[in-house]
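Here's the letter readout for the chains.
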Amino acid sequence: GGLALLILSYFAVPRFKRSAANLGIELPTLTRLLFDYYPATWLIPPLLVLITWHCWPSAKRRGLAACLSGICGAVLVHLVALAAVQMAVYQAAAAI
């Protein structure tokens, strides 16, 4: 599932960016940030895992905490990306 999402977003985000540029619409700030820094957003979940692993006080639950922080980070990144693209879609619809 994650690999399919990675492949889809690798192709979908740049294509959507080109389409928005071709329409000549002014994109919301969150959408522009997503388009400019999208590859870096994939670093957030692994960084959360490493930080949690390093900082978690109990060695007994460290693995579980690190895993859950990575999952939560990935979900959060994708929700923000979805919101950013949705805002751009509404902006494009308003411009047409």
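Basis of the calculations
- Residues numbered from 1 in each chain as written.
- Predicted model: local features only at pLDDT ≥ 70, side-chain atom pairs only at ≥ 80, totals over all residues.
- Heavy atoms only, no water.
- Salt bridge = Lys/Arg side-chain N within 4 Å of Asp/Glu carboxyl O.
- Buried < 20%, exposed > 50% of the residue type's maximum accessible area, 1.4 Å probe, protein only.
- pLDDT = per-residue confidence, 0-100.
- Helix = DSSP H or I, 4+ residues; strand = E, 2+ residues; numbered from the N terminus.
- Axes fitted to C-alpha atoms, helices over the stretch in contact; angles between N-to-C directions.
- Left-handed = near helix turned anticlockwise from the far one by under 90°.
- Contact = heavy atoms within 4.5 Å.
- Nonpolar A, V, L, I, M, F, W, Y, C, P; charged D, E, K, R; others polar.
- Polar contact = N/O pair within 3.5 Å; in protein donor to acceptor, adjacent residues only side chain to side chain.

Regarding the pattern of salt bridges
Evaluation of the coordinates by the stated rule reveals one salt bridge. Here Glu-26 and Arg-32 are joined by a salt bridge, their closest N and O atoms 2.7 Å apart. Note on Arg-32: relative accessible area 33%, which makes it partly exposed.

A closer look at the confidence of the model for the protein chain
Confidence in the prediction for the protein chain averages 84 pLDDT; 91% of positions are at 70 or higher. The lowest-confidence element of the protein chain is helix H1 (residues 2-23), averaging 73 in pLDDT; the highest-confidence one is helix H3 (residues 44-55), averaging 93.

Digging into the packing of helix H2 (residues 29-41) against helix H4 (residues 62-95)
Their axes nearest at 9 Å, the elements H2 and H4 cross at an angle of 145°. Judged by the twist between their axes, the crossing of H2 over H4 is left-handed. Here H2 contributes Leu-30, Thr-31, Leu-34, Tyr-38 and Thr-41 to the contact with H4, which in turn contributes Val-77, Val-80, Ala-81, Ala-84, Val-85, Met-87 and Ala-88. Of the residues contributing to the contact of H2 with H4, the split by class is ten nonpolar, two polar and no charged.

Some details on the side chain of Thr-52
Tracing the backbone through its elements, the reader meets Thr-52 in helix H3. Only 2.9 Å separates the side chain of Thr-52 from the side chain of Ser-69, close enough to count as a polar contact. Beyond its immediate stretch of four places on either side in the chain, Thr-52 contacts Ala-65, Ala-66 and Ser-69.

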